[in-house]
Amino acid sequence: MLFHEIYSVYYQTLAKLLTAAAKRKLTRAEMEEIVRREAFSESVQAIVPPLLERRWPLFKENGASNLQTLPYLPISLLERRWLKALALDPRLALFGDDLLFSDDVEPLFKPEDVRYFDRYTDGDDYTDPGYIRRFRVILAALKKNLPLLISMTTPRGVVRDLVVRPDYLEYSPKDDKFRLLAQGERQAWLINLGRVTSCELYPGDDFQVLEQTVPRQEEVELELTDERRALERVLYQFSDLAKRVERLDDTHYRLLLKYDAADRTEILIRVLAFGPVLRVTKPYAFIELVKERLAAQRQYEL
Amino acid sequence: MAYSELVKNFRYSRWLMREFFVYGFKSRGEYALHGLSARTYDNERRRLENWLGPYLEFYQQRDGRRYFLNVDSRALFHNPLYVGWKAKSFTDLAVSLHFFLLDLLHAAPRLLTLVEICALLDNYLEGQPASLLYDPGTVRLKLKEMISQGLVALDADRDFYLYGQAQRLPVPDATLLDYFSEVAPCGVIGSYLLDRALPHREYIRFKHHYILAAMESEVLHDLLAALQEEREVKLELTSFVKPPPVNSSPPPRDLAAVVPLRIYISVRTGRQYLLAYAERQKAIRTFRLDKIDRVLAGGRCADFAALRELLAAQEPHIWGVNTRGAAGDSLEEVELTLYYGEQEAHIERRLERERGCGTVERVDARHLRFQASVYDSSEMLPWLRTFIGRITELKMSNKELERRFKEDLAALAALYGENGGGA
């Protein structure tokens, strides 16, 4: 059963309390501090009194743990079956070799049980030994906060060499690609790992980020007309973005979306996909993008 | 019932979480019209505030506050909605027995009988009233549950049962769990494992990340389990426009008897679907997972392999998830011709990677043609619109849809004051 108390925040918090109490007796204040850190905002009132009143006799009256050993929450059969399913995923190799313990349980699912039907077909090749090696180098550099020397080929076929400090990896289930967000000396880079041809830790000690940059955000405001179940379709489609929705009347809604400026074209075509039920109202620059597409389309008699 | 952070049944919280996340413009009064009492609404909202903290925001309107979940999934390392799955309520007895049994089985140098376990349990209750001592029947049931969960080992080969601790297994690499808990099916299980990992820095974020699918984790799990065992199931369907009924065990409202064959997941909307053989229609049908309230497992299906083959034979003509369209089981033809400029080689790459079950050919140096034969060409309309600006020709065997596409294009042009629009 997936929804069960053995996976609850409360059980995890109790294990942490008991682990702390194995080293020293806990005062009420110490219990409350641990609960505040590990559980929900109102959990202190729900966890500490039952422990002190011994409704949950996990502690002795003097604040010492009532257990003989350190608490241990075993890996359940459900969790083992899920891990066994991961063993069949080629992306597992990106993280290392022999990462999962050998287990004779049945996997929860196999690759043929799930189909990502609208995923792009030019995703990264996770079986390519070169890709795997470069991914592991990048991950190691991230963990050690070390700069990388990267050679990549741009979409136009130009070879570029970069020295960057990696910030984080980003994965898109839609593209089935990994990208690396990294800082060069004076600009940020979003590097498609599929375009990287070589990647090593930078051997020098002279690299320095002189100017930290972050992706610029933009906003677009839209008016939605709820025809053909558009409200549900639009709001689901854009639920991967930060958004706010206001109702204007029974059938019209105002939708505000935030996105990275680099994704403007992608957002444009996602808006166009809904046709006339979605109209851009702000900013002017985005409206002009839509008009350019419509003007270009006008020259063709469909 | 008094308010509690924890819930016995996740349905209400899950329903309101979805409402706040997807919509977020309804007032308390509107939820009352849906049948959600003011008290229930207030309790559920307070619970979500506890669970989700800063993600739950509101704005003020004349007739009250509008709560919404504001989550930029690209800025996250972990899905905040998993928290609801970690809020199951429990009894005093359950929590005490859980920790005591694991502890005494680990401390014991050998396997133990039920009688020995009960005697050892009494030691934990030293100084407590005798009425609190655990009776053997209760302990046996708890052990049975823990065995089914894989938490306790059982040696049943003798005249009496012997119990011991389950094999201690290491929590896998945390970065691996960080990734797969967000991208693998039933990723919440990875989140459960992460809760036991050591504190660590995260290195992977996600784009095009649809986190609401977490709400369907239990349904997805039950369907995947049925798939592995090649079982028939009954699906209890729901509209989810209205909140779930107050009674936690309502009589079945709408049951569909099916054989699950494959899960389809959209990476562009986050929606999850079941493609299954439906007994009533004697055909493969599609069910949205967010419209399934419960999955009731049935017996093994002797024809599973043949039904999977039936689906496999249909899949080359499924554009999205539908196995039938306006023309029933007949196929519909779509032909799209596009123009691309000299500096627009990316258009050809785009068409190739997005063509799905269709084909792409170069008509000449500046034109590409996409063709497909599908059951339901209406599923293609949104994707076709993304090429507005370069569509030189569109032909659809479903003339109603072709007409609709062209009318929508004209309506879109009129919205922006562009005349003509190519219609």
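Whatever comes next refers back to the structure up there.
The paragraphs below set out a description of the structure included in this document.

Calculation rules
- Residues numbered from 1 in each chain as written.
- Chains lettered and ligands numbered in written order.
- Predicted model: local features only at pLDDT ≥ 70, side-chain atom pairs only at ≥ 80, totals over all residues.
- Heavy atoms only, no water.
- Contact = heavy atoms within 4.5 Å.
- Buried area = accessible area lost by both parts, 1.4 Å probe.
- Salt bridge = Lys/Arg side-chain N within 4 Å of Asp/Glu carboxyl O.
- Polar contact = N/O pair within 3.5 Å; in protein donor to acceptor, adjacent residues only side chain to side chain.
- Helix = DSSP H or I, 4+ residues; strand = E, 2+ residues; numbered from the N terminus.
- Phe/Tyr/Trp six-rings, centres within 6.5 Å; stacked < 30°, edge-to-face > 60°.
- Buried < 20%, exposed > 50% of the residue type's maximum accessible area, 1.4 Å probe, protein only.
- 1 Å grid on protein atoms, 1.4 Å probe; cavity = no way out; pocket = protein on both sides within 12 Å on 5 of 7 lines; lining within 4 Å.
- Points joined across faces, edges and corners; volume = space filled by probe spheres on them.

**Details of the interface of chain B and chain A**
In this complex, chain B contributes 149 residues to the contact, which on the side of chain A involves 124 residues. Between chain B and chain A lies a buried interface of about 13100 Å² when both sides are counted; carbon and sulfur atoms form 58% of it. Together, B:Phe99, B:His208 and B:Tyr416 form the three largest contributors to the area buried by chain B at its contact with chain A, with a combined 6%. Counting the contacts that link chain B with chain A gives 15 salt bridges. Across the pair B:Asp408 and A:Arg228 runs a salt bridge whose closest N-O atoms are separated by 2.9 Å. Where chain B packs against chain A, one counts 67 residue pairs in polar contact (both at pLDDT 80 or more). For the side of chain B that touches chain A, the element with the most residues is helix α4 (residues 92–107) of chain B, which contributes 12 residues.

**Some remarks on the packing of aromatic side chains**
In this structure the tally under the stated criterion is 41 aromatic pairs over all chains. Aromatic side chains A:Tyr10 and B:Phe90 sit 6.0 Å apart centroid to centroid with 75 degrees between the ring planes, which places their arrangement in the edge-to-face category. You can see A:Tyr10 sitting in helix α1 (residues 9–23) and its partner B:Phe90 sitting in the loop between β2 (64–69) and α4, one on each of two chains. In terms of burial, A:Tyr10 and B:Phe90 fall into one category: buried. Aromatic side chains A:Tyr253 and B:Phe25 sit 4.9 Å apart centroid to centroid with 50 degrees between the ring planes, which places their arrangement in the tilted category. Within this pair, whereas A:Tyr253 is found in strand β9 (residues 252–260), its partner B:Phe25 is found in the loop between α1 (11–23) and α2 (28–33), the two belonging to separate chains. For the pair A:Tyr253 and B:Phe25, a shared accessibility class is recorded, and that class is buried.

**Re unusual backbone geometry**
As a rule of thumb, non-glycine residues mostly have phi less than zero, and peptide bonds are mostly trans rather than cis. Residue and element names in this part refer to chain A. In this chain, Lys282 is followed by Pro283 through a cis amide linkage whose omega measures -5 degrees. Within the fold, Pro283 resides in the loop between β10 (278–282) and α8 (284–298). Its identity is not glycine, yet Arg54 carries a phi of approximately 65 degrees, on the positive side. As for its placement among the helices and strands, Arg54 is situated in the loop between α3 (43–52) and α4 (77–86). For Arg54, a relative accessible area of 10% translates into the label buried. Even without a glycine there, the phi angle at Arg229 is positive, about 60 degrees. Of note, Arg229 is situated in the loop between β7 (217–225) and α6 (230–237). In this structure Arg229 comes out as exposed when scored by relative accessible area, which is 51%.

**Observations regarding the side chain of A:Asp240**
Along the chain, A:Asp240 falls in the loop between α6 and β8 (243–247). A distance of 2.8 Å separates the side chain of A:Asp240 from the side chain of A:Arg270, its partner in a polar contact. In this structure A:Asp240 touches A:Arg270, B:Asp72, B:Ser73, B:His208, B:His209 and B:Tyr210, once residues within four positions along its chain are discounted.

**A closer look at empty space enclosed by the protein**
All names here are of chain B. Scanning the model with the defined rule gives six cavities of 30 Å³ or more in all. One number sums up the size of the largest cavity: a volume of about 380 Å³. Taken together, 29 residues line the largest cavity, and the ones lying closest to its centre are Glu182, Val183, Ala184, Tyr210 and Ala213. Breaking the lining of the largest cavity down by element, the ones donating at least two residues are α7 (174–183) and α9 (217–229). Looking at the lining of the largest cavity element by element, the count peaks at three residues for α7.

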